[in-house]
Amino acid sequence: MAMAEGHKSGAGRYMTVYILILAIAALQFVIAYSNITGPQMFARMLILAVVEAALALLFFMHLSDNHGLLWFVVIFTVFVLLAMQYGWTDSFRELLGAPWAKVGS
Amino acid sequence: MSHADTMGGHAQVMEKPAFAIPAKKMAMWLFIIADSATFAGCLVAYGFLRNATPDWPRPFHSIVNVAIMTFILLTSSLTMLFALDAAKAGDKAGAFRWTLITAAAGALFAILHIREWLGLIGEGMTLLKNPWGTGLFGAAFYSITGLHLLHVTCGIIALVAVGIRYKGGRYNADDLEITGLYWHFVDLVWMFVVPLVYLLNLGH
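Residues numbered from 1 in each chain as written. Chains lettered and ligands numbered in written order. Predicted model: local features only at pLDDT ≥ 70, side-chain atom pairs only at ≥ 80, totals over all residues.

**Looking at the overall build of chain A**
- Along its length, chain A carries three helices and zero strands.
- Helices and strands appear in chain A in the N-to-C order α-α-α.
- Counting all 105 residues of chain A, 19% fall into the buried class.
- The long-range fraction of contacts in chain A, counting pairs at least 24 apart against all pairs at least 6 apart in sequence, stands at 52%. (Helix = DSSP H or I, 4+ residues; strand = E, 2+ residues; numbered from the N terminus. Buried ≥ 20, exposed ≤ 12 C-beta atoms within 10 Å, placed from the backbone. Contact = placed C-beta atoms within 7 Å.)

**A few points about the nonpolar core**
- By size, the foremost hydrophobic cluster in this structure holds 63 residues, and its most contacted members are Ala56(A), Ala83(B), Leu176(B) and Val193(B).
- Of all the elements in the fold, those that place two or more residues in this core are helix 1 (11–32) and helix 2 (38–60) of chain A together with helix 2 (23–52), helix 3 (64–88), helix 4 (92–122), helix 5 (136–167) and helix 6 (173–198) of chain B.
- Among the elements that line this core, the one with the most residues is helix 6 of chain B, at 16 residues.
- Beyond its immediate sequence surroundings of up to four residues, Val193(B) is in contact with Ile144(B), Thr145(B) and His148(B). (Core = buried A, V, L, I, M, F, W, Y, C linked by C-beta atoms within 7 Å.)

**Notes on the packing of helix 4 of chain B against helix 5 of chain B**
All names here are of chain B.
- Contact geometry of helix 4 with helix 5 gives a least axis separation of 9 Å together with a crossing angle of 160°. The orientation of helix 4 with respect to helix 5, classified from their angle, is roughly antiparallel. Crossing handedness for the pair helix 4 and helix 5: left-handed. Judged by residue contacts, Lys92, Ala95, Phe96, Thr99, Leu100, Thr102, Ala103, Gly106, Ala107, Phe109, Ala110 and His113 of helix 4 engage Thr145, Leu149, Val152, Thr153, Gly155, Ile156, Leu159, Val160, Gly163, Tyr166 and Lys167 from helix 5.
- Grouping the amino acids of the contact of helix 4 with helix 5 by side-chain chemistry returns 13 nonpolar, eight polar and two charged. (Axes fitted to C-alpha atoms, helices over the stretch in contact; angles between N-to-C directions. Parallel < 35°, antiparallel > 145°, perpendicular 65-115°, else oblique. Left-handed = near helix turned anticlockwise from the far one by under 90°. Nonpolar A, V, L, I, M, F, W, Y, C, P; charged D, E, K, R; others polar.)

**Looking at the interface of chain B and chain A**
- The interface is formed by 38 residues belonging to chain B together with 37 residues belonging to chain A.
- Here the residues of the side of chain B that touches chain A sort into 28 nonpolar, five polar and five charged.

**Describing helix 4 of chain B**
Residue and element names in this part refer to chain B.
- The terminal C-alpha atoms of helix 4, which comprises 31 residues, lie 45 Å apart, in line with the 45 Å expected from a rise of 1.5 Å per residue.
- Within the sequence span of helix 4, burial applies to Ala95, Trp98, Thr99, Thr102, Ala103, Ala105, Gly106, Phe109 and His113.
- Of the surrounding elements, those touching the buried residues of helix 4 are helix 3, helix 5 and helix 6. (Expected span 1.5 Å × (residues − 1).)

**Observations regarding the packing of helix 3 of chain B against helix 6 of chain B**
All names here are of chain B.
- Their axes nearest at 10 Å, the elements helix 3 and helix 6 cross at an angle of 165°. Relative to helix 6, helix 3 is oriented roughly antiparallel. Relative to helix 6, helix 3 is oriented so that their crossing is left-handed. For the pair formed by helix 3 and helix 6, the contact residues are Val66, Thr70, Leu73, Leu74, Ser77, Met80, Ala83, Leu84, Ala87 and Lys88 on the first element and Ala173, Leu176, Glu177, Gly180, Trp183, His184, Asp187, Trp190, Val194 and Tyr198 on the second.
- The residue inventory of the contact of helix 3 with helix 6, partitioned by class, reads 13 nonpolar, four polar and three charged.

Take a look at the structure:
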């Protein structure tokens, strides 16, 4: 049944993606020792992690073979992450125990 | 005999499977989406705590252990793909062997993880306190890595169970692929745990 879905597989492609993911992971470890600020380090590592995850989703989990499912996963994930960013900013208000009007005053 | 014939003409009124994939595979994708929201929630909460806490500790002085763990888990994803390739080529013995190699890699990862935990506990890091800074660090670290370790453990059990049933003829290549999806997801989560929980807390 899986073959009927048009699944393309091959050790060569898997090895290429695997080596690419390993290289990106190694780059994260190099960045961890670089002399940059915390926010810069966070941004670079997060971008690399997203690239790693995208490669795994597309080629290891075969989402590149099913565009409908790919969009379903991407749209849902982006929605959840954006919703959490709303919660993120609001959590500072909860931490300070003050309503929005009093924060920063 | 066509599918419509076997359905006695009812196939026309039945809905097509969502995204043209088997229902059990769709169920696994829905689980992965829901579980990714759980991990995203944990990591966002962790980031918030880390950002808002001035005395956040940086207890990791070596990346060797986490680098080895990462290499093992990434490699286990590759061996899982080899298992799937073998299964689709009809090589049952090969698929079973690669599945067991994947499970063994997962077990090795879990052993290294537990060894790391024991080392941190030995240094005085518990859920509520540690010698380096805020006690929140232990709670956040053990919660996130513990949740991931739980997923790894469940994955190892699932790989062995599905592998044995596949070899026995009760399960097919699709079942192996669905278990593989879960295993790749566990690997994918680790790609975010390593930089956020380990590398950003590296003591310089």
